[in-house]
Amino acid sequence: MALRIAVLTGGGDSPGLNGAIKWVTKTALDPRLAARRAVSFSVVGVMDGWKGLVDIDPDDPVSRARHIQNLDEETVRTWDRYGGTNLGTSRTNPFNPKNDRSQRLIENIENLGIDVIVAIGGEDTLGVAYQLHKLGIKTVGIPKTIDNDLAGTEYSLGFDTAVNVIMEEIDRLRTTAGSHSRIFVVETMGRHAGWLALYGGECSGAFIILIPEYPFNMDHLCELLQEREGREIRYSIVVVSEGAKPLGMKEFVKDMKTDDFGHQSLGGIARYVADEIEKRTGFETRYLILSHLQRGGSPSARDRLMARRFGIAAVDMIINEDFGRMASLVRGEITSIPLKEVVTQGLKVVDLERHYDRERYNGRRSIL
Ligand code: F6P
């Protein structure tokens, strides 16, 4: 039996995507493994996520060449070293009730002779994979989101590299913050979950960390900064997640636009916090929005390893006919869980009891 695997990446890009594509391809086409398998594979990459599979005209060779790329071991050999996704990405939702293109998607999958789809993405991309699975199309998922908020897995690709970017940038800020005795407010990504702000803030020793899970009180935040004044420390770093909210207020959005999945773009909380600190305390304060820098650059060692392991697991899942599931990390081991659980459980947010100190506005100082 010969199966055609199509790999695609959807949602915000992240380091680790190219590695996952590489390891799906290499594992599927590995000649040693192929000799022992009852099934053989060919692998194609779909350009621009679900958008590519919706837009393609399978009967038009030009359109096929634009949207589909044949993948072999030689093509993907060096991909794991590079960030972003060589297959491109989009936030297209073929099941958007306002513009439902799911029928076209399903027909295209059939006409292209695709037997299995490996979807690499977060809740939205994998939500589409789950819908397709329910309609009888074979799909497997690989978790990716720098926010690390996908349910059912301890790790999603991109998170570790993003935390390292936050740490490196805060290290850089410290010298200038110290020279000028300034407070710096650093805004991280993390739409609904505070993992990036929490881990990034903890590993760089930030004085205050504000996360979406715990609306903060501006007066208390200023008191914390004032308590610190006069000690040997000349500056403070405040890390704030883009989704964090002051008590009684909503998230800060860039504009009123929404994407195909109904999400708004967040951003701007750092400026608000910096302005309020300066107004209320008189401390000179600056802010910095790290934005897409957190998704850039080459993947960290952890992201390369996890991309490799998730990619290999995805092919194992196909061979074992474990469709409608996502490769995942559970208690430190690679396994797989039903996409249904990923999509219906809600996001994995910071457990305040275990991880957050509501008085200090920082990570807990008691672990065991
Ligand atoms: O979902 C991942 C994420 O990086 C969020 O942290 C952030 O809110 C969003 O993507 C930004 O998306 P875009 O690339 O569309 O601006």
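Each value, and the rule that gives it
Residues numbered from 1 in each chain as written. Predicted model: local features only at pLDDT ≥ 70, side-chain atom pairs only at ≥ 80, totals over all residues. Heavy atoms only, no water. Pairing = 2+ DSSP bridges. Helix = DSSP H or I, 4+ residues; strand = E, 2+ residues; numbered from the N terminus. Axes fitted to C-alpha atoms, helices over the stretch in contact; angles between N-to-C directions. Parallel < 35°, antiparallel > 145°, perpendicular 65-115°, else oblique. Left-handed = near helix turned anticlockwise from the far one by under 90°. Contact = heavy atoms within 4.5 Å. Near = heavy atom within 4 Å. Polar contact = N/O pair within 3.5 Å; in protein donor to acceptor, adjacent residues only side chain to side chain. Areas by Shrake-Rupley, 256 points an atom, 1.4 Å probe, with all protein chains shown as cover. Nonpolar A, V, L, I, M, F, W, Y, C, P; charged D, E, K, R; others polar. Phe/Tyr/Trp six-rings, centres within 6.5 Å; stacked < 30°, edge-to-face > 60°. Buried < 20%, exposed > 50% of the residue type's maximum accessible area, 1.4 Å probe, protein only. Lys NZ or Arg CZ within 6 Å of the ring centre and 35° of its normal. Core = buried A, V, L, I, M, F, W, Y, C linked by side-chain atoms within 4.5 Å. Domains from an automatic or database assignment. Buried area = accessible area lost by both parts, 1.4 Å probe.

1. Describing the sheet that holds strand E4 (residues 116-121)
- The mixed open sheet is built from 7 strands, whose spatial order is E3-E2-E1-E4-E5-E12-E13. One side of each edge strand has no neighbouring strand; the edge strands of this open sheet are strand E3 (68-71) and strand E13 (333-338). With direction set aside, neighbouring strand axes in the sheet form an average angle of 30°.
- Taken together, the 5 bridges between strand E1 (residues 2-9) and E4 define a ladder with parallel strand orientation. From the neighbouring strand, Val7 faces E4, where its bridge partner is Val118.

2. Some thoughts on the packing of helix H1 (residues 17-29) against helix H12 (residues 301-319)
- Packing of H1 against H12 brings their axes to within 7 Å, and their N-to-C directions diverge by 40°. Put simply, H1 runs oblique to H12. Seen along the crossing, H1 lies across H12 with a hand that is right-handed. For the pair H1 and H12, the contacting residues are Gly19, Ala20, Trp23, Val24, Thr27 and Ala28 in the first and Ala307, Arg308, Gly311, Ile312, Ala314 and Val315 in the second.

3. A closer look at the site of the ligand
- Neighbouring the ligand are the residues Arg91, Ile146, Asp147, Met189, Gly190, Arg191, Glu242, His292 and Arg295.
- Here an oxygen atom of the ligand and a side-chain polar atom of Arg91 are 2.8 Å apart.
- Between the ligand and the protein, one listed contact pairs an oxygen atom with a side-chain N or O atom of Arg295 at 2.7 Å.
- Across the complex, the protein chains shield 80% of the 400 Å² of accessible surface that the ligand would expose by itself.
- Residue composition of the shell around the ligand, by class: 2 nonpolar, 2 polar and 5 charged.

4. Re the packing of helix H8 (residues 159-180) against helix H9 (residues 195-203)
- Where H8 meets H9, the closest approach of the two axes is 9 Å, and the angle between their N-to-C directions is 45°. Classified by the angle their axes make, H8 and H9 are oblique. Between H8 and H9 the crossing geometry is right-handed. Residues Phe159, Ala162, Val163, Ile166, Met167 and Ile170 of H8 pack against Trp195, Leu196, Tyr199, Gly200 and Cys203 of H9.

5. Observations regarding the packing of aromatic side chains
- Per the counting criterion, the structure on display carries 6 aromatic pairs.
- For the pair Tyr155 and Phe159, a centre-to-centre distance of 6.4 Å together with 65° between the ring planes defines the contact as edge-to-face.
- Looking at Tyr155, the relative accessible area reads 1%, which means it is buried.
- Each ring, one from Phe252 and one from Tyr272, has its centre 5.2 Å from the other, and the planes form 45°; the classification is tilted. Here Tyr272 lies in helix H11 (residues 269-281) and Phe252 lies in the loop between strand E8 (236-241) and strand E9 (253-258), a separation of 20 residues in the sequence.
- Its relative accessible area of 19% is what places Phe252 among the buried residues.
- Of the aromatic side chains, those joined through ring pairs into one cluster are Tyr155, Phe159, Trp195 and Tyr199.
- In this arrangement the basic side chain of Arg302 is found over the ring face of Tyr155, its NZ or CZ atom lying 4.3 Å from the centre.
- Above the plane of the ring of Trp23 lies Arg308, whose end atom (NZ or CZ) is 4.2 Å from the centre.

6. What about the nonpolar core?
- By size, the foremost hydrophobic cluster in this structure holds 81 residues, and its most contacted members are Val118, Leu210 and Leu221.
- In terms of residues, this core owes the most to one element, H12, which gives 8 residues.
- Per-domain counts for this core show at least three residues from each of domain 1 (2-157 + 299-344) and domain 2 (159-296).
- Beyond its immediate stretch of four places on either side in the chain, Leu221 contacts Ile208, Leu210, Phe216, Val273, Ile277 and Tyr361.
- Within the second largest apolar cluster, 28 residues are counted, among which are Ile106, Ile114, Leu126 and Ile337.

7. Examining the domain arrangement of the protein chain
- The domain architecture assigned to the protein chain consists of domain 1 (2-157 + 299-344) and domain 2 (159-296).
- The straight-line distance from the C-alpha centre of domain 1 to that of domain 2 is 33 Å.
- Taken residue by residue, the interface counts 24 residues in domain 1 and 19 residues in domain 2.
- Roughly 1,800 Å² of surface becomes buried between domain 1 and domain 2 when both sides are summed, with 50% attributable to carbon and sulfur atoms.

8. Observations regarding the environment of Leu196
- If you trace the backbone, Leu196 turns up in helix H9.
- Along the sequence, Leu196 and Asp160 sit 36 residues apart, while their C-alpha atoms lie 9.0 Å from each other.
- In this view, Leu196 contacts Ile146, Asp147, Phe159, Ala162, Val163, Ile166, Thr188, Met189, Gly190, Gly201 and Gln294; residues no more than four positions away in its chain are not counted.

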